[in-house]
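One-letter residues, chain by chain:
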Amino acid sequence: MDIDVLPDSCCPATGSTLWLGTGYAAYLGASLRLDAHFGSVQCLAIGVDAPFTLRVPEFGERTVRSALIPPRRTHQVVARGERMLFCYFDPGSPRAKGCAARMTAQDAGIGLNHEAEAAMIALVSGAGEVDPLRVLDAAGGTSNRPIDDRIADAIAALHANPAAEITAAELAAGAHLSTSRFLHLFSAQAGTSFRRYRLWARMLHVGRAVSKGSDFTTAAMDAGFASPSHFSDAFHTMCGLTPSALFASGTRLVILDS
């Protein structure tokens, strides 16, 4: 993959960290000037040093300290402070519903004002090493909320072999469901569409491969993306900036299993 020059609109990410794990990702660091985008997963945004402006077509702008953006909602985060915390949850993960339940206000389907935002800010503002799992526990809790076994099996299959062109029809047949019933159940249980969830699984695979020394081109192709530019475009759509803009300036990538 050709490495883009870090755009002028992107603040330096020196000292920033991106953690990736099964069912979650978290970013802590420089307040990147993200483009408007929509994600495949649930995103909790917290202004570590100051409130931020959330732009959503349905209500314009709101100044908040924390916001929970559901999947497939176009939005833009305009940071006012130096650092931001972004927590991404697979919609099928135990923490996803817990995080939604902790938002104390709602506007047009966007959760606002997480009840533990002060605690999470304190966890990432100390002098020592940040423990991302403690932050994620504060965001969404640790209790297991089991989902339908048939959908859990489908999610596991997508993560086990992200490059495979596993169709919804194939997984539906294995679950003894019609394709339409499977897709409805998948969306209800996982919180996002089958297609978007598969994209997230492929993104995680790329992150894990890069953390082990792979280059973006090889990792993207191995994960099932049609080309490196396809991966870059998909990453930009989900996160609001290109992967080269995120990593070229020194963002640390850490893979965690939990």
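The rules behind each value
Residues numbered from 1 in each chain as written. Predicted model: local features only at pLDDT ≥ 70, side-chain atom pairs only at ≥ 80, totals over all residues. Heavy atoms only, no water. Axes fitted to C-alpha atoms, helices over the stretch in contact; angles between N-to-C directions. Helix = DSSP H or I, 4+ residues; strand = E, 2+ residues; numbered from the N terminus. Parallel < 35°, antiparallel > 145°, perpendicular 65-115°, else oblique. Left-handed = near helix turned anticlockwise from the far one by under 90°. Contact = heavy atoms within 4.5 Å. Nonpolar A, V, L, I, M, F, W, Y, C, P; charged D, E, K, R; others polar. 1 Å grid on protein atoms, 1.4 Å probe; cavity = no way out; pocket = protein on both sides within 12 Å on 5 of 7 lines; lining within 4 Å. Points joined across faces, edges and corners; volume = space filled by probe spheres on them. Core = buried A, V, L, I, M, F, W, Y, C linked by side-chain atoms within 4.5 Å. Buried < 20%, exposed > 50% of the residue type's maximum accessible area, 1.4 Å probe, protein only. Phe/Tyr/Trp six-rings, centres within 6.5 Å; stacked < 30°, edge-to-face > 60°. Lys NZ or Arg CZ within 6 Å of the ring centre and 35° of its normal.

**Student:** So what exactly am I meant to see when it comes to the packing of helix α4 (residues 149-160) against helix α7 (residues 194-211) here?
**Tutor:** The relative placement of two packed helices is expressed as an angle between their axes plus a distance between the axes. Where α4 contacts α7, the axes come no closer than 8 Å and their chain directions differ by 40°. Viewed along their axes, α4 and α7 adopt a mutual orientation that is oblique. Like other packed secondary-structure pairs, α4 and α7 cross with a definite hand, here right-handed. Taken together, the residues of α7 that come into contact with α4 (itself represented by Ile155, Leu158 and His159) are Phe194, Tyr197, Arg198, Ala201 and Leu204. Here the contact of α4 with α7 is built from residues that sort into six nonpolar, one polar and one charged.

**Student:** Explanation requested: the layout of surface pockets in the structure shown.
**Tutor:** Remark: the empty space left among the atoms is shown by a probe the size of a water molecule rolled over them. Of the volumes computed, that of the second largest pocket is approximately 180 Å³. The wall of the second largest pocket is formed by 13 residues, among which Gly15, Ser16, Thr17, Leu28 and Val130 lie closest to the centre. If you list the elements that add at least two residues to the lining of the second largest pocket, you get β1 (17-21) and β2 (24-30). The biggest single contributor to the lining of the second largest pocket is β2, with three residues.

**Student:** I tried to follow empty space enclosed by the protein on my own but got confused; where do I start?
**Tutor:** Scanning the entire structure with this criterion turns up three cavities of 30 Å³ or more. Empty space within the largest cavity amounts to approximately 300 Å³. If you go around the largest cavity, you meet 23 residues; those closest to its centre are Leu18, Leu20, Phe235, Cys239 and Leu246. Of all the elements in the fold, those that place two or more residues in the lining of the largest cavity are β1, β2, β8 (83-89), α7, α9 (228-239) and α10 (243-247). By residue number, the principal contributor to the lining of the largest cavity is α7, which donates six residues. For the lining of the largest cavity, the class distribution of residues is 22 nonpolar, one polar and no charged.

**Student:** Help me out: how do you make sense of the nonpolar core in this one?
**Tutor:** What tends to happen in soluble globular proteins is that the nonpolar side chains get buried as a cluster. Judged by nonpolar contacts, the single largest core of 45 residues is most densely connected at Leu54, Phe86 and Phe225. With seven residues, the single largest contributor to this core is α7. Ignoring any residue separated from it by four or fewer positions in sequence, one finds Phe225 in contact with Leu199, Arg202, Met203, Val206, Ala220, His230, Phe231 and Ala234. Counting residues in hydrophobic clusters, the runner-up holds 23 residues, among them Leu44, Ile46, Ala116 and Val130.

**Student:** For this particular structure, what's the right way to read the packing of aromatic side chains?
**Tutor:** Two numbers describe a pair of aromatic rings. These are the distance of the centres and the angle of the planes. All chains considered together, the criterion is met by nine aromatic pairs. Seen from their ring centres, Phe182 and Phe186 are 5.9 Å apart, and the 45° between their planes marks the pair as tilted. In this pair, Phe182 and Phe186 are both assigned in helix α6 (residues 179-190), four residues apart and thus about one turn of the helix distant. With a centroid separation of 5.6 Å and 85° between ring planes, the pair formed by Phe186 and Tyr197 is classed as edge-to-face. Taken as a pair, Phe186 in helix α6 and Tyr197 in helix α7 lie far apart in primary sequence, 11 residues in all. When its relative accessible area of 2% is taken as the criterion, Tyr197 is described as buried. An aromatic cluster is present here, built from Phe182, Phe186, Phe194 and Tyr197 joined pairwise through their rings. Of note, Arg62 hangs over the ring of Phe59, and the distance from its end group to the ring centre comes to 6.0 Å. Over the face of the ring belonging to Tyr24 we find Arg95, whose NZ or CZ atom lies 5.6 Å from the ring centre.

**Student:** Can you walk me through the environment of Gly81 in this structure?
**Tutor:** Here Gly81 lies in the loop between β7 (76-79) and β8. With 30 residues separating them along the chain, Gly81 and Pro51 place their C-alpha atoms 7.1 Å apart. Apart from residues no more than four positions distant in its own chain, Gly81 is found in contact with Ser31, Asp49, Ala50 and Pro51.

**Student:** How should I be thinking about unusual backbone geometry in this particular structure?
**Tutor:** When glycine is set aside, most residues are seen to have a negative phi, and most peptide bonds are trans. Positive phi, close to 60°, is recorded for Arg72, a residue that is not glycine. Tracing the chain through its elements places Arg72 in the loop between β6 (66-69) and β7. Residue Asn113 is not a glycine yet carries a positive backbone phi of 60°.

These figures capture arrangement, not role.
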